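# Topology and contacts: notes
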Amino acid sequence: MNRPLMCFALILALSACSSDETSSSAATDVVLDVQVTPDVPTPVDVGATPDTTVVEPEDIFVPPPECTSSADCDDGNPCTKDACGATGCSYVPDDGATCDDADACTDADACLEGACAGVARQCDDENECTIDWCAAGECKTAPDEAEACAMKIVIEQPKRASTLTGAGPFYVSGSVTSPASTPTLTINEEPTALSFDGSFNVLFEPSIGINIIDIEAKDTYGRTTDVAFSFMYAQSLIEPGPNYNAPTLQEGMMGVWLDQEAFDDDDLDDLDDLGTVVWLLGETYDVNEAIPHPLITEDDGVGALWCDYTVDVTDVAYNVSDVEIDLVSGGMDVSLVMSDFTGFVDAASDGWDNIGCPNAACDLKADTVYLDAQLNVVASPSGDIIVTLQSVEVDIVLPDNNEAVNCTGGTAQFLNWLINWFESTLADYLEDQLELWAVDELVPLVNGVIDQFTDYQVSFDVPSFEDQYPALPVNLRVAPGGADWMNGEALAHLKLGLGAAPGVPFTTPGSIRRSGCGKGLNEVAELPNVSIAEAWVHEDLINHFLYVTWRGGLAKMQLTDEIVGPYIGDLGVRDVDMSAELTLPPVLTTCTETGQLEVQFGDVYAQGSFSYAGAPVELKGFASARCNVQFKIKEIPDEANQLGIELLDVLQMAVEIQEIEGMDETAELLVAELLSDSMLNLIVNKYLSEVSQSYPLPIIDLDTWLSELNLAKSELTLEMETINLDHGHMVVGGKLLNQ
C-alpha cells in the first residue's frame, strides 16, 4: 500500500465530500467535524429598541372652523377625546385608553399623552450563548458563534490511538458541552442518551483490530460537531523482544508443506527438486580422492606365489544415471544408480625377493553400482528437525565372463589373484567409500537443505515510502517447530521472530493476536494440497511484521503534487506540501463482520498546506479507515513472483478536522471526499504492497554443496502461484524455483 495516499486521503479526507467524478470505490461513510449554522434571519438590534413605541397619525388633523357635533371633530386618534363646544372642537388626551400601536412585537398597548404606546416584548431566554429578538410578533433565537459558546465533545475513555487488551466490552465515556441548547448524541450512528450534565458512558463491544469511534452531537439549531478517533484491541498482544537483534520466537507463525514432487520430479534436467541436487552431488563426488595411493603395499602381502605387489587404483569414473527419492513415514529413501563404472589398476612387484614377478596394468569395469540409503527425519523435543542415516547398502554388479578385469602383462597364474581381489576386496572397499559418501555428503546435504528452509536468521531492508527516509533493517529469525514426514508428503512447522530498532514516539505495546477473533474460532489452516509446495502464514505474523516496520518509523510520508497528482485529477488542488503519520500500526485481519480481509488504519495524523482554487489552505487533523482488500500475486519475468495487496472497497472513513484555514465548508467537504479514495489507494496498493514484498522468502543456497560447478543459477526458492485465505492464515501455493 502506499503511504501517501492514506495520508492525504486521510488528510484531505479530513475535509471529505464527493462529486460525481471522485472515486471508483463503493459508498463510504465519511464523517467530518464541520459545524453548520442554519439560516437565521438577521437579528434586530434589541439594544436599540425603546421601551415604548409612539404611533402618530399619518396625516395632521385640522379641526373644522365650526362644528355642530363631536363627530365633526373626530381626529382619527384613539388616544384623544374629541368634543364640539362653543369655541369649536376640543381635544383632550385619553390616557389609559386601549389602543393598537400596529407593532406585533409590543404588548399592553395604551394611550399616553395622546399617543398609542406599547411595551417591547421581552424575548431574552437568559442564555448568554443565544441571540434573542422579536419578529412578526414571535420571539426568535439563534446561537452565538463565539468560541466560548461553541458546542464541544470531550472524550474521557478510551484515549485516541490507545491499545486495549483483555476481555471486553469497554466503556466509551465523555461529555458534551452545548451552551446554546440541549444536544442529541450518536455514537457510530446509534442514538445515545446524555445525562442531565451532558455526560455519557456507553458499553462498546470491540472487534479484534482497529475500532473506529465516530461521535456526533447536534443541537436544536441544526449545528453539529464531531469527534472521530480509534483504538486498537486484542485479547493479548505479541510484544517486541528486549533485543531486536535477537528476535523473540513465536510459535505457530508459519508452516511449509512439500509434495513428493518437490523432492523428486523424475526430471534431472531441471534443478528444481532435491533429487536433482543429489544427482549433482553424486556427479561431483571424486572417488579417486578417497582412495589412498597406493591402495596396497607389498607389506600387505597381496599377490601370488612368492610375489608381493604394490597396487594403486586410479582413474575411477562413473555416471550417476538416476536418482530416486521417496518420502516414507518418518523419513525418506534415497537411491542412486551409477553406470559405466571404470578404473585402472597398476600392480607392481619390486625388490630382490620379487625377482621374476611380472607387473600388470589392468582396466576395471562394473556394469552398475547401486546405492540405497534410508534416512530418518525426526523432530526433537525442542522442535529441531534432525536427519540421520538409518542404513545404507551398496551393490556392485560386475560383468559376466571375467570381464571385470582386463589386464596386460604377466601370466594368468600371476594375475588371477588380481581378478579375485577386484571382485572381493576392492569391491568391498568401494562399497565402504560410497557408504561413507552417504554419511559425509548425502546426510549433511539433506540436513542443510532442511535447515536453510527452516532454521536461519537473516537481516533485510524494508524501504520507506518513495525512499523518503532511510530503509529499515529488520532481523528475521526462523526456527523449526516440529515436522511430520509421511508417505508422499512432508510438513514442517516454523517459529518466527522479527525485530527492528524503534523509531516512533508512540507507545503501542505490541501487535494483535487473532485469538480466534475473540470467539473461539478454529485457527487450523486447511491446506488444499494441490501444489508442489504450499506455505501458510498466520495473520499474527503479518500483523507483527507491520507492527515492527511501523514501530521502526516507516509508516510516515511526505505528499507532494508529483505523488498525489495522478490520483486526484483536476480538482483545483495544487502546491501540496503535506505530511502524514500513522499513530497506530496498520492491521490486516479477517476478524470482521463478513469474514473478508480488511486493512485498518487508526488515527493517521495529517498536517500541512496546499492551495485550492488559488487560495492557500492550512490543515491539521486525524483520519481512520477500514477497507476491503485482497492479496494478489504479481508475476515478474525471470524472477520469483511477488506478493501484492489490492484495495477493493472503502468501508468506513472517519475524519476529524482540528484546524483548517482558507476553505469554506463546501470546499472542505468536496476536497476531502475526492482525496480520500486516492490516498487510500496509495497507502494500500503502494506502501503496504512494497512492505510485504520486502519480506524474504526462504532460499536454499546450492553453492554450499555445489560451488565447484559454478552454477549460473544457484538458489532454490518458493515460486508463488496461488493465494487464498483460510482460518486466519494466508495460504500460498507454488513450486520450487531455481534462480
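Cut-off values and rules
Residues numbered from 1 in each chain as written. Predicted model: local features only at pLDDT ≥ 70, side-chain atom pairs only at ≥ 80, totals over all residues. Heavy atoms only, no water. Core = buried A, V, L, I, M, F, W, Y, C linked by side-chain atoms within 4.5 Å. Buried < 20%, exposed > 50% of the residue type's maximum accessible area, 1.4 Å probe, protein only. Helix = DSSP H or I, 4+ residues; strand = E, 2+ residues; numbered from the N terminus. Contact = heavy atoms within 4.5 Å. Disulfide = S-S within 2.5 Å. Polar contact = N/O pair within 3.5 Å; in protein donor to acceptor, adjacent residues only side chain to side chain. Pairing = 2+ DSSP bridges. Axes fitted to C-alpha atoms, helices over the stretch in contact; angles between N-to-C directions. Patch = residues over 30% accessible without salt bridge, like charges linked within 9 Å, V, L, I, M, F, W, Y side chains within 5 Å. Areas by Shrake-Rupley, 256 points an atom, 1.4 Å probe, with all protein chains shown as cover. Salt bridge = Lys/Arg side-chain N within 4 Å of Asp/Glu carboxyl O. Lys, Arg positive; Asp, Glu negative; His and termini not counted. Charge placed at Lys NZ, Arg CZ, Asp CG, Glu CD. Phe/Tyr/Trp six-rings, centres within 6.5 Å; stacked < 30°, edge-to-face > 60°. Lys NZ or Arg CZ within 6 Å of the ring centre and 35° of its normal. pLDDT = per-residue confidence, 0-100.

## Concerning the nonpolar core
Membership of the largest hydrophobic core comes to 142 residues, with the highest contact counts inside it found for Phe-263 and Met-332. Considering each element in turn, this core owes the most residues, 14 residues, to helix α5 (residues 412-454). Discounting chain neighbours no more than four positions away, the residues touching Phe-263 are Leu-258, Asp-273, Leu-274, Gly-275, Ile-325, Leu-327, Met-332, Trp-485 and Ala-490. Val-176, Ile-210, Leu-237 and Ile-512 belong to the second-largest nonpolar core, a separate cluster that totals 32 residues.

## Thoughts on the side chain of Ser-173
Take Ser-173: it is sitting in strand β11 (residues 170-177). Among all residues touching Ser-173, those that are not within four sequence positions of it are Ile-155, Glu-156, Gln-157, Phe-200 and Asn-201.

## Brief notes about the state of the cysteines
For the structure on display, the rule yields 8 disulfides. The partner cysteine of Cys-105 in its disulfide is Cys-134, sulfur to sulfur 2.1 Å. Between Cys-105 and Cys-134, the disulfide has an S-S torsion of -85° and is therefore left-handed. A residue pair is termed long-range when its members are at least 10 positions apart, and Cys-105 in the loop between β4 (88-93) and β5 (106-112) and Cys-134 in strand β7 (residues 130-135) qualify at 29 residues. Comparing Cys-105 with Cys-134 shows no difference in burial state: the two are buried. Here Cys-129 is linked by a disulfide to Cys-149, with a sulfur-sulfur distance of 2.2 Å. A torsion of -80° about the S-S bond marks the disulfide between Cys-129 and Cys-149 as left-handed. Of this pair, Cys-129 sits in the loop between β6 (115-120) and β7 while Cys-149 sits in the loop between β8 (138-143) and β9 (152-157), placing them 20 residues apart in sequence. Like Cys-149, Cys-129 is buried.

## Some thoughts on the environment of Thr-368
In this structure, Thr-368 sits in strand β23 (residues 360-379). Spatially, the C-alpha atom of Thr-368 lies 6.9 Å from that of Asp-340, the residues being 28 residues apart in sequence. Setting aside residues up to four positions removed in sequence, Thr-368 forms contacts with Val-337, Met-338, Asp-395, Ile-396 and Val-397.

## A few points about the side chain of Arg-223
Inspection of the secondary structure puts Arg-223 in the loop between β15 (209-218) and β16 (224-233). Arg-223 sits in the buried class, given a relative accessible area of 3%. Here the side chain of Arg-223 touches Glu-145 through a polar contact of 3.4 Å, side chain to side chain. Within the structure, Arg-223 has its side chain in polar contact with the side chain of Asp-219 (distance 2.8 Å).

## Structural notes on helix α3 (residues 274-284)
With 8 of 11 residues buried, α3 lies mostly within the body of the structure. Along α3, the residues classified as buried are Leu-274, Gly-275, Thr-276, Val-277, Val-278, Leu-280, Leu-281 and Gly-282.

## What to know about the sheet that holds β11
By definition, the strands of a sheet pair up through backbone hydrogen bonds, in either a parallel or an antiparallel sense. Taken in spatial order, the 3 strands make up an open sheet running β9-β11-β14, and their pairing is antiparallel. Strands at the two margins of the open sheet, each flanked by one partner only, are β9 and β14 (199-204). Put simply, the sheet's adjacent strands are angled 25° from each other on average, direction ignored. Examined bridge by bridge, β11 and β14 share 6 bridges and lie antiparallel to one another. Counterpart to Val-172 in the pairing with β14 is Val-202.

## Notes on the pairing of strand β28 (residues 489-499)
In summary, the side chains of a regular strand alternate between the two faces of the sheet. For β28, the tally of buried residues reaches 9 of 11 residues, placing the bulk of the element in the interior. Relative to β28, strand β18 (residues 250-259) runs antiparallel, the two being bridged by 7 bridges. When the sheet's bridge partners are listed, Val-256 is paired in β28 with Ala-492. As paired elements, strand β27 (residues 472-486) and β28 share 10 bridges and run antiparallel to each other. Directly across from Trp-485, in β28, lies its bridge partner Ala-490. Turn length for the β27-β28 hairpin, with the two strands adjacent in sequence and antiparallel, is 2 residues, and the turn residue Gly-488 shows positive phi of about 80°.

## With respect to unusual backbone geometry
The omega angle of the peptide bond from Gln-157 to Pro-158 is -5°, so this bond is cis rather than trans. Looking at the element boundaries, Pro-158 is found in the loop between β9 and β10 (162-164). Along the chain, Gly-168 connects to Pro-169 via a cis peptide bond; the corresponding omega equals 0°. With respect to the helices and strands, Pro-169 occurs in the loop between β10 and β11. Positive phi is not limited to glycine here, since His-727 has a value of about 50°. The class for His-727 is partly exposed, based on a relative accessible area of 30%.

## So, a negative patch on the surface
On the surface, a cluster of negative charge is made up of Glu-261, Asp-266, Glu-324 and Asp-326. As for its placement among the helices and strands, Glu-261 is situated in helix α2 (residues 260-263). Take Glu-261: its relative accessible area is 37%, and that puts it in the partly exposed class.

## Quick notes on the packing of aromatic side chains
Tallying each qualifying case throughout the model produces 11 aromatic pairs. Note on Phe-460 and Phe-545: the rings are 6.0 Å apart at their centroids and 50° apart in plane angle, and the pair reads as tilted. Of this pair, Phe-460 sits in strand β26 (residues 456-462) while Phe-545 sits in helix α6 (residues 539-551), placing them 85 residues apart in sequence. For Phe-460, a relative accessible area of 8% translates into the label buried. You can call Phe-545 buried: its relative accessible area is 6%. Ring pairs connect the aromatic residues Phe-460, Phe-545 and Tyr-695, which therefore count as one cluster. A cation sits over an aromatic face here: Arg-160 above Phe-622, 4.1 Å from the ring centre. Positioned above the aromatic ring of Tyr-469 is the side chain of Lys-556, whose terminal nitrogen or guanidinium carbon lies 4.5 Å from the ring centre.

## Brief notes about the sheet that holds β28
Pairing is antiparallel across the open sheet formed by 8 strands, whose spatial order is β26-β27-β28-β18-β30-β39-β38-β37. Each edge of the open sheet is held by one strand with a lone partner, namely β26 and β37 (699-701). With strand direction ignored, the average angle separating the axes of adjacent strands in the sheet is 25°. With 10 bridges connecting them, strand β38 (residues 715-726) and strand β39 (residues 729-738) associate as antiparallel partners. Bridged to Glu-719 within β39 is Lys-735. Sheet strands touched by α6: β18, β26, β27, β28, β30 (533-538) and β39. Its angle to β30, the strand with the most contacts, is close to 60°.

## Examining the confidence of the model for the protein chain
Summarising the model, the protein chain shows a mean pLDDT of 84, and 84% of its residues fall at 70 or more. Mean pLDDT values over the elements of the protein chain span from 35, in helix α1 (residues 3-12), up to 97, in strand β29 (residues 511-512). Ignoring residues within four places in sequence, the model shows residues 1-55, a span with pLDDT below 50, making 226 contacts including any to other chains.

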